[in-house]
Amino acid sequence: MTDKRLYHIGFGREDLGSLSPTMALLSGDPQRAGFIAHTYLQDVQVLSENRGLHSYVGHLPNGKPILSATSGMGAPSLSIVVNELVQVGIQKIIRIGTCGSIQPHIPVGSIVISSGALCRQGAANDIAPVEYPAAADPFLTVALVKAAQELNVEHYLGITASVDTFYEGQERTDSANPNLIRKLEGITEEYRKLNILNYEMEAGTLFKMAGVYNFAAAAVCGVVAQRTVAENIIFTSKDIAISNAILTAMRVASE
Ligand SMILES: O=P(O)(O)O[C@H]1O[C@H](CO)[C@@H](O)[C@H]1O
Ligand SMILES: O=c1cc[nH]c(=O)[nH]1
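Position labels on residues start from 1 in each chain and follow its written sequence. Whichever chain is written first is A, and whichever ligand is written first is 1; the rest continue in order. It should be noted that, the model being predicted, local features are given only for residues of pLDDT at least 70 and side-chain atom pairs only at 80 or more, the latter also being counted only at that level, while totals for whole chains, interfaces and linings use all residues.

Chemist: Explanation requested: the packing of helix α3 (residues 138-151) against helix α6 (residues 235-253) in the structure shown.
Modeler: The convention used is that axes are lines fitted to C-alpha atoms, helices contributing only their stretch in contact, and that angles between N-to-C directions extend from 0 to 180 degrees. The numbering of helices and of strands both runs from the N terminus, where a helix is a DSSP run of H or I of at least 4 residues and a strand a run of E of at least 2. Where α3 meets α6, the closest approach of the two axes is 8 Å, and the angle between their N-to-C directions is 120°. Compared by their axis directions, α3 and α6 come out oblique. Regarding α3 and α6, the two cross each other, and that crossing is right-handed. Residue-level contacts link Leu140, Ala143, Leu144, Ala147, Ala148, Glu150 and Leu151 of α3 to Leu247, Thr248, Ala249, Arg251 and Val252 of α6. For the contact of α3 with α6, the class distribution of residues is 9 nonpolar, 1 polar and 2 charged. Every angle not falling under 35 degrees, over 145, or within 65 to 115 is termed oblique; those three ranges are roughly parallel, roughly antiparallel and roughly perpendicular. Helix crossings are classified by the rotation of the near helix relative to the far one: an anticlockwise turn of less than a right angle makes the crossing left-handed, while a clockwise turn makes it right-handed. Any pair of residues counts as being in contact when their C-beta atoms, constructed from backbone geometry, are within 7 Å of one another. Residues are grouped as follows: Ala, Val, Leu, Ile, Met, Phe, Trp, Tyr, Cys and Pro are nonpolar; Asp, Glu, Lys and Arg are charged; all remaining types, including Gly, are polar.

Chemist: Can you help me understand the environment of Ala136 in this one?
Modeler: Its location among the elements puts Ala136 in the loop between β6 (111-120) and α3. Classification of Ala136 as buried rests on a count of 28 C-beta atoms within 10 Å. For the pair Ala136 and Gly89, spaced 47 residues apart in sequence, the C-alpha to C-alpha distance is 20 Å. With near-sequence residues (within four places) excluded, Ala136 lies in contact with Ser114, Ser115, Gly116, Thr141, Phe207, Ala217, Ala218 and Ala219. Three classes are used. A residue is buried when 20 or more other C-beta atoms lie within 10 Å of its own, exposed when 12 or fewer do, and partly exposed in between, with C-beta atoms placed from the backbone.

Chemist: What am I meant to see in the packing of helix α2 (residues 75-87) against helix α5 (residues 203-213) here?
Modeler: In contact at an axis separation of 10 Å, α2 and α5 are set at 30° when each is read in the N-to-C sense. Here α2 and α5 pass one another in a crossing that is right-handed. Together, Ala75, Leu78, Ser79, Val82 and Val86 of α2 and Thr205, Leu206, Met209 and Tyr213 of α5 make up the contact between the two elements. For the contact of α2 with α5, a count of residues per class yields 7 nonpolar, 2 polar and no charged.

Chemist: How do you make sense of the pairing of strand β2 (residues 42-50) when you look at a structure like this?
Modeler: Regular strands place side chains that alternate from one sheet face to the opposite one. The sheet contact formed by β2 and strand β3 (residues 53-59) spans 6 bridges and is antiparallel. Residue pairing in the sheet places Asn50 in a bridge with Leu53 of β3. Whether two strands pair depends on DSSP finding at least two bridges between them. Count of turn residues in the β2/β3 antiparallel hairpin: 2 residues, of which Arg51 carries a positive phi of about 55°.

Chemist: Is there a simple way to explain the domain arrangement of the protein chain in this structure?
Modeler: Each domain's limits were defined by an automated method or a database of domain assignments. Along its sequence, the protein chain is carved into domain 1 (1-90) and domain 2 (97-255). For domain 1 versus domain 2, the separation of C-alpha centres amounts to 22 Å. Of all the secondary-structure elements, those providing two or more residues to the side of domain 1 that touches domain 2 are β1 (23-27), α1 (30-40) and α2. When the residues that make up the side of domain 1 that touches domain 2 are grouped by side-chain class, the tally is 13 nonpolar, 6 polar and 1 charged.

Chemist: Honestly, the site of ligand 1 in this entry has me stumped. Any pointers?
Modeler: Surveying the vicinity of ligand 1 reveals the residues Ser27, Gly28, Asp29, Met73, Gly97, Thr98, Phe166, Glu200, Met201 and Glu202. Of the residues assigned to the shell around ligand 1, the class counts are 3 nonpolar, 4 polar and 3 charged. A domain-level breakdown of the shell around ligand 1 finds at least three residues from each of domain 1 (1-90) and domain 2 (97-255). For each residue, a C-beta atom is placed from the backbone, and the residue counts as near a molecule or strand when that atom lies within 6 Å of it.

Chemist: Can you help me understand the site of ligand 2 in this one?
Modeler: Surrounding ligand 2, one finds Thr98, Cys99, Gly100, Phe166, Gln170, Tyr199, Glu200, Met201, Val224 and Ala225. Of all the secondary-structure elements, those providing two or more residues to the shell around ligand 2 are β5 (92-101), β8 (196-200) and β9 (216-226). Per-element accounting of the shell around ligand 2 gives the leading share, 3 residues, to β5.

Chemist: Before we go on, may I ask you to explain α2 in this structure?
Modeler: Each helix should span, by expectation, one fewer than its residue count multiplied by 1.5 Å. For α2, built from 13 residues, the straight-helix expectation of 18 Å at 1.5 Å per residue is met to within 8% by its first-to-last C-alpha distance of 18 Å. Among all positions in α2, only Ala75, Ser77, Leu78, Ser79, Val81, Val82, Glu84 and Leu85 are buried. For α2, the elements touching its buried residues are β1, β3, β4 (65-70), β5 and α5. Positioned one or two residues after α2, Gly89 has a phi angle of 110°, which is positive.

Chemist: Teacher, can you tell me more about α6 here?
Modeler: Its 19 residues place the ends of α6 27 Å apart at the C-alpha level, agreeing with the 27 Å of an ideal helix rising 1.5 Å per residue. Along α6, the positions that sit buried rather than exposed are Ala241, Ile242, Asn244, Ala245, Ile246, Thr248, Ala249, Met250, Val252 and Ala253.

Chemist: Explanation requested: the nonpolar core in the structure shown.
Modeler: When a protein is soluble and globular, its nonpolar side chains tend to lie buried together. Of all hydrophobic cores here, the largest spans 75 residues; its most connected members are Ile94, Ile111, Leu144, Leu206, Val220 and Ala249. Per-domain counts for this core show at least three residues from each of domain 1 (1-90) and domain 2 (97-255). Each nonpolar core comprises buried Ala, Val, Leu, Ile, Met, Phe, Trp, Tyr and Cys residues, the members being joined through C-beta atoms within 7 Å.

Written as structure tokens, this is what we have:
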């Protein structure tokens, strides 16, 4: 542990003052991290906006201090941020993300709460063996499910596929690269049959790090694409999907 400013997140323990938050809400998108901070936290301070990794600290109406931070996209960036957040005293992380559904019954606008992840992520292999479980914290995860029930948010609990690429790794061909390597052809259908609910790009590595570093992690993602129908993001449902994920996570953070 250190009291110095951490190189990537751009702040250290001393910048947190007497607040000393132990919970972080982690968004891939810096705008989302800022929105959460400015909408839900009181006495918000901008801790850093280094490399697009915007971080904010404040407290909830009940006085609980909370950090709202940015992971960036993908596991390599997340792994750096999470390592540094743990160094400044964070013990619980809820990822608030977006995802693509690969099950026909999970519509855009709803949320997926991850019970665990199939972790097809290179960064995680630097942290733990490939067989190491990518398991969400059961207590935070049940709390997210309860929160979604209480808020009447359409939610699904199950296994997430966390992969390194948005296009090839999620079997998208409507992109600059129309060619998929053979091992990725049909992977979405295979995952669908394995009862995997969704694709995203950070939860698996986050969960493995939580096991190795000994902190609690959970993930809630708004569904912004329906991959059994099409590859594209459904912009008309994006705001409601993200809002549902944020509301659900904030209810848990407020407990
Ligand atoms: O919306 P965020 O949290 O960034 O999450 C998802 O969106 C990005 C891809 O569009 C990836 O980071 C993926 O995991
Ligand atoms: O389809 C999607 C949507 C958001 N994020 C992903 O990683 N995939």
